[in-house]
Amino acid sequence: RHILENPGWYTPYTPYQAEISQGRLEALLAFQQMLIDLTGLPVANASLLDEATAAAEAMGLVQRATKGAGKAFFMDAACHPQVIAVMRTRARWLGIALEVGDAARELDPGRVFGAHLQYPDSCGRIADWSALIGRVHAAGGLVSLGVDPLALVLLRSPGALGADIAVGSAQRFGVPLGYGGPHPGFLAARASLLRQMPGRIVGVTHDAAGRTALRMALQ
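Residues numbered from 1 in each chain as written. Predicted model: local features only at pLDDT ≥ 70, side-chain atom pairs only at ≥ 80, totals over all residues. Heavy atoms only, no water.

Novice: Please explain helix H4 (residues 81-94) as it appears in this structure.
Specialist: Residues three or four positions apart in an α-helix share a direction because the helix packs 3.6 residues into each turn. Between its terminal C-alpha atoms H4 stretches 20 Å, which fits the 20 Å expected from 14 residues at 1.5 Å a residue. At the C-terminal side of H4, Gly-95 shows a positive phi close to 70°. (Helix = DSSP H or I, 4+ residues; strand = E, 2+ residues; numbered from the N terminus. Expected span 1.5 Å × (residues − 1).)

This is the structure in structure tokens:
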């Protein structure tokens, strides 16, 4: 019990001393590349806690990155309950008017600066969100998708659907709590959002001797 209650045991997967952490950085780089391949988005990070907090970070990212006239953020009611709960709390303190409802019928792109949808949703339904995402884009908003990375092995990628951000939990691949990561939350996004992204990104560079080396590219 005390081991699982101490986050030091299960969140030490973001190294700060790159010169002595090349093996761990390589694992994180491979994790990022897997997410890039599955989501169809060009950049992914490696240091978010879980899907719910990753979705809340995506909402803040959309708020920072959009200049549209919409004042509210829409969330599909078919998102996972824990994600909706965390989003409600984060929206309150960010001063965001969060609307929760049936995205297919109640989402008005002209009233929102962004939306969060689930793919597949909490009941297992798989929707083609591309047309709705296109309408949100036409109104100047951005869209994040909550995704199941295991399902993305077979489904069309969020990038192919037109989504700007994809978030989820890599724990779907079966890595247990306490293993040391980077299994929990992730966020992948379009290249234009790179400088606004939360979390940490591992990149490839060269050391003083000209050899390939890994480091924290953005944090």
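Novice: How do you make sense of the pairing of strand S7 (residues 185-189) when you look at a structure like this?
Specialist: Within S7, five of the five residues are buried, which leaves it mostly tucked inside the rest of the structure. Of the two faces of S7, the one carrying Gly-185, Leu-187 and Ala-189 and the one carrying Phe-186 and Ala-188 are both buried. Direction of pairing for strand S1 (residues 43-44) relative to S7: antiparallel, over a ladder of two bridges. If you follow Ala-44 over to S7, its bridge partner there is Ala-188. (Buried < 20%, exposed > 50% of the residue type's maximum accessible area, 1.4 Å probe, protein only. Pairing = 2+ DSSP bridges.)

Novice: Teacher, can you tell me more about the nonpolar core here?
Specialist: For soluble globular proteins, the rule of thumb is that nonpolar side chains tend to be buried together. Judged by nonpolar contacts, the single largest core of 34 residues is most densely connected at Leu-107, Leu-117, Tyr-119, Trp-129, Ile-133, Leu-145 and Val-147. Listing elements by their share of this core, those giving two or more residues are helix H2 (22-39), strand S2 (72-76), strand S4 (112-119), helix H6 (130-138), strand S5 (142-147), S7 and strand S9 (212-218). Here the element with the most residues in this core is H2; it accounts for six residues. When residues no more than four places from it in sequence are discounted, the contact partners of Leu-145 are His-116, Leu-117, Tyr-119, Trp-129, Pro-158, Leu-161, Ala-163, Ile-165, Ala-166 and Val-167. Met-59, Met-87, Ala-91 and Ala-189 belong to the second-largest nonpolar core, a separate cluster that totals 28 residues. (Core = buried A, V, L, I, M, F, W, Y, C linked by side-chain atoms within 4.5 Å. Contact = heavy atoms within 4.5 Å.)

Novice: Could you clarify how one ought to interpret the pattern of salt bridges in this entry?
Specialist: Applying the stated criterion across every chain yields a total of eight salt bridges. Across the pair Asp-121 and Arg-125 runs a salt bridge, and its minimum N-O distance is 2.7 Å. Asp-121 sits in the buried class, given a relative accessible area of 10%. Between Arg-190 and Asp-164 there is a salt bridge, and its shortest N-O distance comes to 3.4 Å. With a gap of 26 residues between them, Arg-190 in the loop between S7 and strand S8 (201-206) and Asp-164 in the loop between helix H7 (158-161) and strand S6 (165-169) connect regions that are remote in the sequence. A residue is classified by how much of its surface remains accessible, and Arg-190, at 27% relative accessible area, is partly exposed. Residue classification places Asp-164 among the buried positions, given a relative accessible area of 5%. (Salt bridge = Lys/Arg side-chain N within 4 Å of Asp/Glu carboxyl O.)

Function-wise, these values are silent; they only describe arrangement.
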